[in-house]
Amino acid sequence: MCIKPDTKVEDLTASKAIAPSKDGAIAPTHSAGKRNTDYDWLLFLVPALFYKITPIGPLYIVGALRIIAMKLILSLHYQFVDKDNYLNKLPRKQLEREREEYLLSFYMHMWTQVALQIIFPSLFFSDNSEIWA
């Protein structure tokens, strides 16, 4: 027979995370830890380790342009489109978290593209006559 799980355990972390505090406010549900972003530039340089296996120049050109474009788009968006949210509603902690976290997707995309370039080189580096033939 199945044993009924003990639900009266005192150390339920989920219930503590959303339990109201003394003043009635609910604690934030996102992680309280702060990610160390000091070495994120090393994540950007990881694909350079594969320079002998596959060409990485186009990869870094696209990656750098994506980072510049994202900075520009987010800056203009917060200044002109979402100005009331930027000035009044978004806490400083959330803005800092967004600034630190949005680059991670670019790094991961670069790593994936390196893997695809190694596995399928003709997909990225073939002559136009071979593609359209």
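In this report, we go over the structure that sits alongside the text. Computed from a prediction, not measured in an experiment: that's the story for all the values here.

Right, let's get into the overall build of the protein chain. Scanning the protein chain from terminus to terminus reveals eight helices and zero strands. Counting from the amino terminus, the protein chain carries its helices and strands in the arrangement α-α-α-α-α-α-α-α. A total of 133 residues make up the protein chain; the buried ones form 17% of that total. For the protein chain, long-range pairs separated by at least 24 residues make up 57% of all intrachain contacts whose partners lie at least 6 apart in sequence. Here the protein chain has roughly 11000 Å² of accessible surface; of this, 66% comes from carbon and sulfur atoms.

Below, the discussion takes up the nonpolar core. Membership of the largest hydrophobic core is limited to eleven residues, which are F44, I56, L59, Y60, I67, Y102, L103, F106, Y107, M110 and V114. Ranked by residues supplied to this core, first place goes to helix α6 (residues 103-119) with five residues. Apart from the residues lying within four places of it in its own chain, the contact partners of M110 are F44, P47, L59, Y60 and G63.

Right, let's talk about empty space enclosed by the protein for a bit. For the structure on display, the rule yields one cavity of 30 Å³ or more. Reported here for the largest cavity is a volume of approximately 40 Å³. In terms of lining, the largest cavity is formed by L59, V62, G63, R66, F106, H109, M110 and Q113. Of the residues belonging to the lining of the largest cavity, the class tally is four nonpolar, three polar and one charged.

Quick notes on the rules
- Residues numbered from 1 in each chain as written.
- Predicted model: local features only at pLDDT ≥ 70, side-chain atom pairs only at ≥ 80, totals over all residues.
- Heavy atoms only, no water.
- Helix = DSSP H or I, 4+ residues; strand = E, 2+ residues; numbered from the N terminus.
- Buried < 20%, exposed > 50% of the residue type's maximum accessible area, 1.4 Å probe, protein only.
- Contact = heavy atoms within 4.5 Å.
- Areas by Shrake-Rupley, 256 points an atom, 1.4 Å probe, with all protein chains shown as cover.
- Core = buried A, V, L, I, M, F, W, Y, C linked by side-chain atoms within 4.5 Å.
- 1 Å grid on protein atoms, 1.4 Å probe; cavity = no way out; pocket = protein on both sides within 12 Å on 5 of 7 lines; lining within 4 Å.
- Points joined across faces, edges and corners; volume = space filled by probe spheres on them.
- Nonpolar A, V, L, I, M, F, W, Y, C, P; charged D, E, K, R; others polar.

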